[in-house]
Amino acid sequence: MAKAVKTNAMRLLEAAKIPFEAIPYNYDENDLAAQHVADELGEDINMVFKTLVLRGERTGLFVCVVPGNCEVDLKKAASAAGDKKAEMIAMKELLPTTGYIRGGCSPVGMKKTLPTYFHSTATNFDTIYVSAGVRGLQLKISPTALIDFVKAEITDLVK
């Protein structure tokens, strides 16, 4: 079980007076999949969102936040970012680029502010879950408050 630490994402949300709940869960180094997180939380996988960092051919880095059981559609993601092609960044680039590790990447509080896109189903729920910035801790938060805070666009991003 993760200690209830204060992450950078949590500090930023608190400073902005955006309500959230930090929910610890047991994580497994060998199973960082969103389905495991949803199972641990006892929540619908469609409410557990994963944060992915991509690189557009011309536009550079951007973030996609998609339901845990979905795969990002690279063409749709590239189009959202105003590009023709995009690819996931290499795992070794994640920490130096965002300040976060795989399984603990939050859409809040990355090293640099990157254009961010949420899959359209996020707003179907009163609350969604995203990483708090460490493995073993999720933020339960209003999707509209989160989307507004990170200045994200809502679009179709999945296959």
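Structural notes, computed from the coordinates. (Residues numbered from 1 in each chain as written. Predicted model: local features only at pLDDT ≥ 70, side-chain atom pairs only at ≥ 80, totals over all residues. Heavy atoms only, no water.)

**Let's talk about the overall build of the chain**
Line of reasoning, step 1. The helix and strand tally for the chain stands at 5 helices and 8 strands.
Line of reasoning, step 2. Each helix and strand of the chain, ordered N terminal to C terminal, gives the series α-β-α-β-β-α-β-α-β-β-β-α-β.
Line of reasoning, step 3. For a compact globule of 159 residues, the expected C-alpha radius of gyration is about 15 Å, and the chain comes in at 14 Å, within 12% of that figure.
Line of reasoning, step 4. Seen through its principal axes, the chain has C-alpha atoms that stretch 40 × 35 × 30 Å.
Line of reasoning, step 5. The proportion of buried residues among the 159 residues of the chain is 47%. (Helix = DSSP H or I, 4+ residues; strand = E, 2+ residues; numbered from the N terminus. Rg over C-alpha atoms; globule rule 2.2 N^0.38 Å. Buried < 20%, exposed > 50% of the residue type's maximum accessible area, 1.4 Å probe, protein only.)

**Overview of the sheet that holds strand β1 (residues 20-24)**
Line of reasoning, step 1. Read across the sheet, 3 strands follow the order β1-β7-β6 without closing on themselves; strand pairing throughout is antiparallel. If you trace the sheet from one side to the other, it starts and ends with β1 and β6 (128-131), each paired once. Averaged over all adjacent pairs, the angle separating strand axes in this sheet is 30 degrees, with direction ignored.
Line of reasoning, step 2. Note that β1 and strand β7 (residues 137-141) share 5 bridges and pair antiparallel. When the sheet's bridge partners are listed, isoleucine 23 is paired in β7 with glutamine 138.
Line of reasoning, step 3. Across the face of the sheet, helix α1 (residues 8-15) comes into contact with β1 and β7 while running at roughly 25 degrees to β7. (Pairing = 2+ DSSP bridges. Axes fitted to C-alpha atoms, helices over the stretch in contact; angles between N-to-C directions. Contact = heavy atoms within 4.5 Å.)

**Some words on the pattern of salt bridges**
Line of reasoning, step 1. Summed over the entire model, instances satisfying the criterion amount to 5 salt bridges.
Line of reasoning, step 2. Here aspartate 156 and lysine 76 are joined by a salt bridge, their closest N and O atoms 2.8 Å apart. Within this pair, whereas aspartate 156 is found in the segment after β8 (153-155), its partner lysine 76 is found in helix α3 (residues 74-80), the two being separated by 80 residues in sequence. (Salt bridge = Lys/Arg side-chain N within 4 Å of Asp/Glu carboxyl O.)

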